[in-house]
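Tertiary structure, described
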Amino acid sequence: MTRVQELYPESKIILREVGLRDGLQLVKAFPSTEAKQCWIRDEYAAGVRHFEVGSFLPAKTFPQFADVRDIIGTVASLPDAYGIALTLNERGVNEALASGVAEVATVVSATEEHSQANANRSRESAIANVRRLCELRDASAHKPVVNSAISMALGCSIVGAVDPKEVLLLTEKLFEAGVDMVAIADTVGYAGPKQVGELTAAAVKIAGSKPICIHLHDTRGMGIANASAALDAGARVLDGSLGGLGGCPFAPGATGNVVFEDLVFLCESKGFATGIDIEKLIAVRGILKSEMPSEALYGGLARAGLPRGTAARAA
């Protein structure tokens, strides 16, 4: 069994909690290290196993991730739990490799315009960086999974509509560069179910036995509908954040990631067992309310509860 098969078995639905990284990217106040550790342990007790734990970015600029090594250690101490850390340059990659994190993530832009504006580099240069990351992974002692997200894959904040052929070409190039998986990201929440389903199906076909992750934002209230379309199209790895925490610097005023609790309910209602207890998961929101009282939290399940007679966790 390969490392990617260990983390992402083909027969299972994997829901990844990205609140600790993507959800905290733009907040002004953030949980303490101890509160983050409680967040992880309580979600683990609810059945969550995949956690995006932070970024290897300068602590002066992103103090919310200054404790990323401690958080990686917390996840690693839990049996069958896996941490994911974001890196954007070679320095960050080397720090991530030294940390022993199970998965290293990076990002390329779907459009040339966004790549230049956001990272001051071409898409080809970004892919070369990914190739270098994979070389460093291969030379490392523990060889973590490498995941590259394609941001703005379903609509770009600069140019608007994105040609899906461009996204699929990038997907092919990223797998050729050596990544273990690709994440298709609707970074600014532009897409609807038809677009998400069609792109997901095509990406899954390219990936073959390798996983495709679908990363959705609920900017225009389409997050759960889009997740349902992705599941129908063959996606088996999806991202969400507790309480829909997060936002996007390219979509001012937008809500954040698709709500993790609602994503669990969606999967269970469609017959996909997640192994996650929804009521226990909802209870973890108390940590966010206590630590970040000014941050808006979203979610239909938290508001209305499970339907009468519905089990908190599918068999």
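This text gives an overview of the structure that appears in the document. If you're wondering where the values come from, they're calculated on a predicted model, not measured in any experiment. (Residues numbered from 1 in each chain as written. Predicted model: local features only at pLDDT ≥ 70, side-chain atom pairs only at ≥ 80, totals over all residues. Heavy atoms only, no water.)

All right, on to the overall build of the protein then. Helices and strands together make up the secondary structure of the protein, namely 13 helices and eight strands. The principal-axis extent of the C-alpha atoms belonging to the protein is close to 50 × 40 × 40 Å. Within the span of the protein, comprising 315 residues, buried residues form 55% of the whole. Within the protein, contacts between residues at least 6 apart in sequence are counted, and of these 75% link residues at least 24 apart. Surface exposure of the protein reaches about 12800 Å², of which carbon and sulfur atoms provide 52%. Charge centroids of the protein, computed over 31 positive and 36 negative side chains, lie 0 Å from each other. (Helix = DSSP H or I, 4+ residues; strand = E, 2+ residues; numbered from the N terminus. Buried < 20%, exposed > 50% of the residue type's maximum accessible area, 1.4 Å probe, protein only. Contact = heavy atoms within 4.5 Å. Areas by Shrake-Rupley, 256 points an atom, 1.4 Å probe, with all protein chains shown as cover. Lys, Arg positive; Asp, Glu negative; His and termini not counted. Charge placed at Lys NZ, Arg CZ, Asp CG, Glu CD.)

So, on to the pairing of strand 8 (residues 237-240). In strand 8, alternate side chains face the same way, and those of V237 and D239 on one face and L238 and G240 on the other are all buried. When strand 1 (residues 14-17) meets strand 8, the two strands line up parallel, connected through four bridges. When the sheet's bridge partners are listed, E17 is paired in strand 8 with G240. When strand 7 (residues 212-216) meets strand 8, the two strands line up parallel, connected through two bridges. Bridge assignment links C213 to a residue of strand 8, and that residue is V237. Assessed by its sense of winding, the connection that carries the chain from strand 7 through helix 9 (residues 223-232) to strand 8 is right-handed. (Pairing = 2+ DSSP bridges. Right-handed = clockwise from strand over helix to strand, strands pointing away.)

A few words now on the packing of aromatic side chains. The relation between two aromatic rings is expressed through the spacing of the ring centres and the mutual angle of the planes. Taken as a whole, this structure holds one aromatic pair when the rule is applied. Their ring planes at 25° and their centres at 6.4 Å tell us that F62 and F65 sit as a pair that is stacked. By relative accessible area, which is 3% here, F65 ends up buried. The ring of Y44 is capped by R49, whose NZ or CZ atom sits 3.8 Å from the centre of that ring. (Phe/Tyr/Trp six-rings, centres within 6.5 Å; stacked < 30°, edge-to-face > 60°. Lys NZ or Arg CZ within 6 Å of the ring centre and 35° of its normal.)

Another point: the side chain of D67. Of note, D67 is situated in the loop between strand 2 (50-55) and helix 3 (68-76). Not counting residues within four places of it along the chain, the set of residues in contact with D67 comprises T33 and K36.

Attention now moves to the nonpolar core. If you look at the biggest cluster of nonpolar residues, it comprises 83 residues, and the most contacted ones within it are L15, W39, F51, I150 and I184. Ignoring any residue separated from it by four or fewer positions in sequence, one finds F51 in contact with E17, L20, I40, E43, Y44, V75, A81, Y82, G83 and I84. The next biggest cluster of nonpolar side chains, apart from the first, holds 15 residues, and it includes Y8, A102, A105 and V145. (Core = buried A, V, L, I, M, F, W, Y, C linked by side-chain atoms within 4.5 Å.)

On to the side chain of S241, then. Take S241: it is sitting in the loop between strand 8 and helix 10 (260-269). Given a relative accessible area of 0%, S241 falls into the buried group. The residues touching S241, leaving out its near neighbours within four places in the chain, are E17, V18, G19, N257, V258, V259, F260 and E261.

End to end, helix 8 (residues 193-207) covers 21 Å across 15 residues, agreeing with the expected 21 Å (1.5 Å per residue, within 8%). Those residues of helix 8 that are buried lie in contact with helix 7 (164-177), strand 6 (181-186), strand 7 and helix 9. Positioned one or two residues after helix 8, G208 has a phi angle of 65°, which is positive. (Expected span 1.5 Å × (residues − 1).)

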